Amino acid sequence: MFRPKLPDTPHVPSITTHIPQDHAPAPSAGRSIAPFVGVGAGAVAAVVVVGVVLTALLAAVAVSAVSVAIAAVVLRSLATGANRR
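Anyway, here's the lowdown on the structure attached to this text. None of the values given here were measured: they were computed from a predicted structure.

Moving on, we get to the overall build of the protein. Secondary structure summary: the protein contains 1 helix and 0 strands in total. Residues counted as buried form 0% of the 85 residues belonging to the protein. With the model as given, the accessible surface of the protein reaches about 8400 Å², and the carbon-plus-sulfur share is 71%.

Okay, here's the thing in structure tokens:
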């Protein structure tokens, strides 16, 4: 009842190892390369998205650090000015 039902796997034809000496090896008509290209494109897209997110986080931290530094300088100048009066 709770066991998953796996789809039937298609039979993959076996690859022969005999290559004629006077002919170039023919491209195999077995499996296509399209699934591997899709996986590669997905991986590249994931890397790009992660890079964009990390860059945005780094920019947010930098802006926050600059604003905290400016606020510290302003508060320090206000505190120093109050002591001189």
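There is more to say, and it comes next.
Here the focus is a nonpolar patch on the surface. The grouping of Val49, Val50, Val53, Leu54 and Leu57 at the surface amounts to a nonpolar patch, some 450 Å² of accessible area in total. Tracing the backbone shows Val53 in helix H1 (residues 34-84). Taking relative accessible area as the criterion, Val53 reaches 43% and is therefore assigned partly exposed.

Scoring rules and cut-offs
Residues numbered from 1 in each chain as written. Predicted model: local features only at pLDDT ≥ 70, side-chain atom pairs only at ≥ 80, totals over all residues. Heavy atoms only, no water. Helix = DSSP H or I, 4+ residues; strand = E, 2+ residues; numbered from the N terminus. Buried < 20%, exposed > 50% of the residue type's maximum accessible area, 1.4 Å probe, protein only. Areas by Shrake-Rupley, 256 points an atom, 1.4 Å probe, with all protein chains shown as cover. Patch = residues over 30% accessible without salt bridge, like charges linked within 9 Å, V, L, I, M, F, W, Y side chains within 5 Å. Salt bridge = Lys/Arg side-chain N within 4 Å of Asp/Glu carboxyl O.

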